[in-house]
Amino acid sequence: MPTTPENCRINYVELNVRDLDKAKGFYGKAFGWTFTDYGPEYCEFSDGAMKGGFTTQAAPSPAGGPLVILYADKLEAARDSVLAAGGSIRQEIYAFPGGRRFHFQDSDGYELAVWSTD
């Protein structure tokens, strides 16, 4: 059976949120993501490269689980966008082998990170 380039790769990320409009407002303002609504309990987001979803069908569960990491050309600008959108910084910018990154928390309590080679 032939395989596709998408075979066994992360294809979609889904987050449970309390309020779809609030989640769309945060990620739209912070990162410029776009959204497609699929009823009152679900919307799909696109960052231009990958898609995922926000749903109110279950309570947010931000503790534990995998850490979602975004890439930014300009790390300080991404940090400023997170703050301007209402996010909070969980871990300030720090260096690691290969680049720098910071961690932030969104309005539902999820911790994500942003990294850059700059």
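Above this text you will find the structure in question.
Reading the values: the criteria
Residues numbered from 1 in each chain as written. Predicted model: local features only at pLDDT ≥ 70, side-chain atom pairs only at ≥ 80, totals over all residues. Heavy atoms only, no water. Helix = DSSP H or I, 4+ residues; strand = E, 2+ residues; numbered from the N terminus. Buried < 20%, exposed > 50% of the residue type's maximum accessible area, 1.4 Å probe, protein only. Contact = heavy atoms within 4.5 Å. Polar contact = N/O pair within 3.5 Å; in protein donor to acceptor, adjacent residues only side chain to side chain. Phe/Tyr/Trp six-rings, centres within 6.5 Å; stacked < 30°, edge-to-face > 60°. Lys NZ or Arg CZ within 6 Å of the ring centre and 35° of its normal.

### Focus on the environment of histidine 103
So, step 1. Mapped onto the fold, histidine 103 is located in strand E7 (residues 99-105).
So, step 2. For histidine 103, a relative accessible area of 6% corresponds to the buried category.
So, step 3. Sequence-wise, histidine 103 and isoleucine 93 are 10 residues apart; in three dimensions their C-alpha atoms are separated by 7.7 Å.
So, step 4. Not counting chain neighbours up to four residues away, the residues in contact with histidine 103 comprise Leu67, Ser88, Ile89, Arg90, Gln91, Tyr94, Glu111, Leu112 and Ala113.
So, step 5. A distance of 2.7 Å separates polar atoms of two side chains, one belonging to histidine 103 and the other to glutamate 111.

### A word on the packing of aromatic side chains
So, step 1. Inspection of every chain in the model, using the stated rule, returns 13 aromatic pairs.
So, step 2. On the numbers, 5.4 Å between centres and 35 degrees between planes, the contact of tyrosine 27 with phenylalanine 54 is tilted. Here tyrosine 27 is found in helix H1 (residues 20-31), whereas its partner phenylalanine 54 is found in strand E4 (residues 51-55), with 27 residues between them in sequence.
So, step 3. On the accessibility criterion, tyrosine 27 (1% relative accessible area) is buried.
So, step 4. Judged by its relative accessible area of 0%, phenylalanine 54 is buried.
So, step 5. A connected cluster of aromatic rings, assembled from ring pairs, spans Phe26, Tyr27, Phe31, Trp33, Phe35, Phe45, Phe54, Phe102 and Phe104.
So, step 6. Its guanidinium or amino end placed over the ring of phenylalanine 96, arginine 101 lies 5.9 Å from that ring's centre, counting from NZ or CZ.

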